[in-house]
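Each chain is listed here by its residues.
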Amino acid sequence: MTFTESAERQALRESVRQVVRKFGSGYATEHARRGVPMTELWQALGAAGFLGVNLPEEYGGGGAGIYELALVGEEVSAEGASLIMMVVSPAIVGTVLARYGTAEQRRDWLPGIADGSTIVAFGITEPDAGSNSHRLSTVARRDGSDWILNGRKTFVTGVRNADAVLVVGRIQDAAAGGPGQSDTARLRPAMFLLPRETPGFTYQPIEMDITESERQCQLFFDDVRLPAQALVGGDDAPLEALFAGLNPERIMGAALAAGTGRFAIGKARRYLLERDVWGVPIGAHQGLAHPLAQCHIEVELSRLMLAKAATLYDEGDDKPAGEAANMAKYAAAEASIRALDQAIQCHGGNGLAADYGLAMLLGAARVARVAPVSREMVLNFVAQHSLGLPKSY
Ligand SMILES: Cc1cc2nc3c(=O)[nH]c(=O)nc-3n(C[C@H](O)[C@H](O)[C@H](O)COP(=O)(O)OP(=O)(O)OC[C@H]3O[C@@H](n4cnc5c(N)ncnc54)[C@H](O)[C@@H]3O)c2cc1C
């Protein structure tokens, strides 16, 4: 066990920071206020090989692990330019396809995901299912060798700018579920790659009260016809394929949140050193220094758990990574929200002024408590799996 990051990883962090800094400090704020994706930054990171750092080399990726992708996401966020699509396209979809895609799917999709020229969104959440993915009602049925998809999704990020969506639905399966079991028990989870322009697929932006460059959409599937090869994970391993994306999702969620926490603490620290209203920098007052030190400790603790989760995941068997990935996501989300709130407090009135760009981040930072998995569902996991308490739902 070592707590010193390798020289390569430190160099990767520095290279990522340099790419982001080229865009200037107002770049992310301006895109978030206009609600438009940070496409130029995305492309620059893709061209540098940073977006596909975790994907196999034979498909144009960097051949490294989720640790490296998390590191990239964290550094981007630490510069104040959180890229939520990094959680989705290279982490969830890239991992699922690399591990469970057919040779054809890997060949067709991974090189573009690796260099950022292809973006794939991920849709699992449904209006009537929410956190309960056993209740999904998006259903695919066979029609010859094709699939016909019907259903709805909600809160799916980045669809407007994506080439496709990886849709989690269920397939009607006479074999699944025993006698007397409900209709939903007869439905097996399955994932489909759905190109954005497919007939019968429509989407509509949801008006959100968060200032963010990516938007969330509702998706509607109305007799969408998909070819046999749209099914990901085959008939054998749909659940394993879905689960393959979940730990990377939580690890990336943690990384982006930890980066946001660092960004907030960095801004607050600079202000505490500069601002002087009693003849000394306001950072000399413990009333400000201690809460910020506390936030720093909490963010650093979450980064330790993040490193543990990513390391366990990259060691191969991703089962033991589940607990650490959930804990890292929880800890980083809570630490970053507190850090941002404290950074605003350190700035006094300026913390709420548009010029300082801190208050506008509150909504986006708050997302980490809800998505990709909510705080309560993480606590359910830990209560049940770490503490052995009865399942409560
Ligand atoms: C900005 C943003 C981006 C998102 N991006 C995507 C995306 O790209 N793709 C996608 O598929 N989804 C996305 N989501 C959806 C997100 O994953 C869900 O919002 C989240 O999983 C919670 O589901 P829900 O909103 O339906 O809440 P609900 O499931 O309705 O839960 C409401 C509240 O009840 C709590 N709760 C629910 N069940 C339990 C229980 N058993 N025990 C204790 N508490 C419980 C929840 O924690 C929550 O606090 C996004 C959401 C947001 C806000």
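Owing to the predicted nature of the structure, the values given are computational and were not obtained by experimental measurement. All residue numbers refer to position in the chain's written sequence, counted from 1. Selection of residues for local features in this predicted model requires a pLDDT of at least 70, selection of side-chain atom pairs for listing and counting requires 80 or more, and totals for whole chains, interfaces and linings are taken over all residues. As a rule here, side-chain values come from all non-hydrogen atoms in the structure, and water together with hydrogens is ignored.

### What about the domain arrangement of the protein chain?
What the domain assignment reports for the protein chain is domain 1 (7-119), domain 2 (122-236) and domain 3 (239-386). The domain limits used here are those given by an automatic or database domain assignment. Here domain 2 and domain 3 have C-alpha centroids that lie 31 Å from each other. Residue contacts follow a heavy-atom distance rule, with two residues in contact if any of their heavy atoms lie within 4.5 Å. Counting residues at the interface gives 11 residues for domain 2, matched by 11 residues for domain 3. As used here, buried area is the combined drop in accessible area, with a 1.4 Å probe, of two parts when they are placed together. Both faces considered, domain 2 and domain 3 share a buried interface measuring about 790 Å² in area, 77% of it formed by carbon and sulfur atoms. Each reported salt bridge corresponds to a side-chain nitrogen of Lys or Arg within 4 Å of a carboxyl oxygen of Asp or Glu. At the junction of domain 2 with domain 3, the criterion picks out 0 salt bridges. For the purposes of these results, a polar contact is taken to be a pair of N or O atoms within 3.5 Å, where, inside protein, one atom must be able to donate a hydrogen and its partner to accept one; residues adjacent in sequence count only when each atom of the pair is a side-chain atom. The interface formed by domain 2 and domain 3 holds 0 residue pairs in polar contact (both at pLDDT 80 or more) in total. Its residues assigned to classes, the side of domain 2 that touches domain 3 comprises 6 nonpolar, 3 polar and 2 charged. When residues are sorted by character, Ala, Val, Leu, Ile, Met, Phe, Trp, Tyr, Cys and Pro go into the nonpolar class, Asp, Glu, Lys and Arg into the charged class, and all the rest, Gly among them, into the polar class.

### Description of the site of the ligand
Residues are counted as near a molecule or strand when any one of their heavy atoms sits within 4 Å of it. Looking at the ligand, there are 20 residues lining it, with T125, S131, F155, S374 and E376 nearest. S374 has a polar side-chain atom sitting 2.6 Å from an oxygen atom of the ligand. At a separation of 2.7 Å, an oxygen atom of the ligand approaches a polar side-chain atom of E376. Relative to its free-state accessible area of 960 Å², the ligand is covered by the protein chains to the extent of 68%. Secondary structure elements follow DSSP: runs of H or I of four or more residues count as helices, runs of E of two or more count as strands, with numbering from the N terminus. Residue assignment for the shell around the ligand shows that the elements contributing at least two residues are strand 1 (120-123), strand 3 (146-157) and helix 11 (375-386). The class makeup of the residues in the shell around the ligand is 11 nonpolar, 8 polar and 1 charged. Here the accessible surface of atoms and residues is derived via Shrake-Rupley with a 1.4 Å probe, and residues count as covered only by protein chains that are part of the display.

### Regarding the packing of helix 1 (residues 7-21) against helix 3 (residues 39-47)
Fitted lines through C-alpha atoms give the axes, limited to the stretch in contact for helices. The angle between two N-to-C directions lies from 0 to 180 degrees. Between helix 1 and helix 3, the least distance of the axes is 10 Å, while the angle of their chain directions is 145°. By crossing handedness, the relation of helix 1 to helix 3 is classed as right-handed. Across the interface between the two elements, V16, V19 and V20 of helix 1 pack against L41, A44 and L45 of helix 3. For the contact of helix 1 with helix 3, a count of residues per class yields 6 nonpolar, no polar and no charged. Here a crossing is taken to be left-handed if its near helix is turned anticlockwise relative to the far helix by less than a right angle, and right-handed if that turn runs clockwise.

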